[in-house]
Amino acid sequence: MVVLTYVDDCIIVGNNMRNIDNFVRSMQNGKENFILTDEGDIDKFLGIEIEHLDDKRFEMKQSYLMERICRTLGLIDNDWKAATNTKKTPVGKPLLNKDLSGKPRKLKWKYRTAVGMLSYLQGYTRPEISMATHQTARFCIDPKLSHEQAIMRIGRYLLGTTDRGIIYEPDPKKGLECYVDADFAGGWSQTD
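Residues numbered from 1 in each chain as written. Predicted model: local features only at pLDDT ≥ 70, side-chain atom pairs only at ≥ 80, totals over all residues. Heavy atoms only, no water.

### Concerning the pairing of strand β2 (residues 9-13)
And then number 1: The pairing of strand β1 (residues 2-6) with β2 spans five bridges and is classified as antiparallel. Its bridge partner being in β2, Y6 is matched across the sheet by D9.
And then number 2: Taken together, β1 and the strand that follows it, β2, pair antiparallel across an intervening segment of two residues, in which V7 is found at a positive phi of about 55°. (Pairing = 2+ DSSP bridges. Helix = DSSP H or I, 4+ residues; strand = E, 2+ residues; numbered from the N terminus.)

### Looking at the sheet that holds strand β3 (residues 44-45)
And then number 1: Judged by pairing direction, the sheet is antiparallel, and its four strands sit side by side in the order β3-β4-β5-β6 without closing on themselves. Single-partner strands in this sheet number two, and they are β3 and β6 (166-168).
And then number 2: Across four bridges, strand β4 (residues 48-52) lies against strand β5 (residues 58-61) in antiparallel orientation. Note that in β5 the partner of E51 across the bridge is E59.

### Overview of a negative patch on the surface
And then number 1: A surface patch of negative charge is lined by D8, D9, D21, D38, E39 and D41.
And then number 2: By relative accessible area, which is 80% here, D41 ends up exposed. (Patch = residues over 30% accessible without salt bridge, like charges linked within 9 Å, V, L, I, M, F, W, Y side chains within 5 Å. Areas by Shrake-Rupley, 256 points an atom, 1.4 Å probe, with all protein chains shown as cover. Salt bridge = Lys/Arg side-chain N within 4 Å of Asp/Glu carboxyl O. Lys, Arg positive; Asp, Glu negative; His and termini not counted. Charge placed at Lys NZ, Arg CZ, Asp CG, Glu CD. Buried < 20%, exposed > 50% of the residue type's maximum accessible area, 1.4 Å probe, protein only.)

### Description of the packing of helix α2 (residues 63-72) against helix α5 (residues 145-159)
The angle between the axes and the distance between the axes are what describe a pair of packed helices.
And then number 1: Two elements in contact, α2 and α5, have axes separated by 9 Å at closest approach and are oriented at 135°. One way to sum up the angle between α2 and α5 is to call them oblique. Crossing angle aside, the handedness with which α2 passes α5 is left-handed. Every residue of α5 that contacts α2 at M66, I69 and C70 is listed here: G155, L158 and L159.
And then number 2: Class assignment for the residues of the contact of α2 with α5 results in five nonpolar, one polar and no charged. (Axes fitted to C-alpha atoms, helices over the stretch in contact; angles between N-to-C directions. Parallel < 35°, antiparallel > 145°, perpendicular 65-115°, else oblique. Left-handed = near helix turned anticlockwise from the far one by under 90°. Contact = heavy atoms within 4.5 Å. Nonpolar A, V, L, I, M, F, W, Y, C, P; charged D, E, K, R; others polar.)

Here's what the structure looks like:
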């Protein structure tokens, strides 16, 4: 069973309705006495599309947000005459730095807006762009051409993977699993 929570909204997903019902009853009848409403089956939640793949797996994706990001970056209509070839990975080398003497940005889209949309996307359905997104977010104050190119690379990666999301296959034998990369894969230094 998986419980996804956003402020005061929850999604409970599992392959055994009895376990879900028991969990809901424990929330309602426990010492907290939560007031819950059942909205029934869902296929969308806060802009996230949810597709049941089979009895054990489901996929969550944000097709609309990915399209909006690619459109903002000019990758769909090629508004900025930028390279629109897709990329196989969301990040390249080297890791981003302040690039104080770097060239100024060339394209006119709003850097912070793009970073914000990428942050929302990576936080819910595309964790594989987390490191690349966090790298670009560090330079929202005075982004240079190298930072712009990093965001464009993430966009070109998304352009080639718009049909993908995150697939969950809950395994009750494993319990709670959590993966964190809190140090940007070791790419952090005081000078950055």
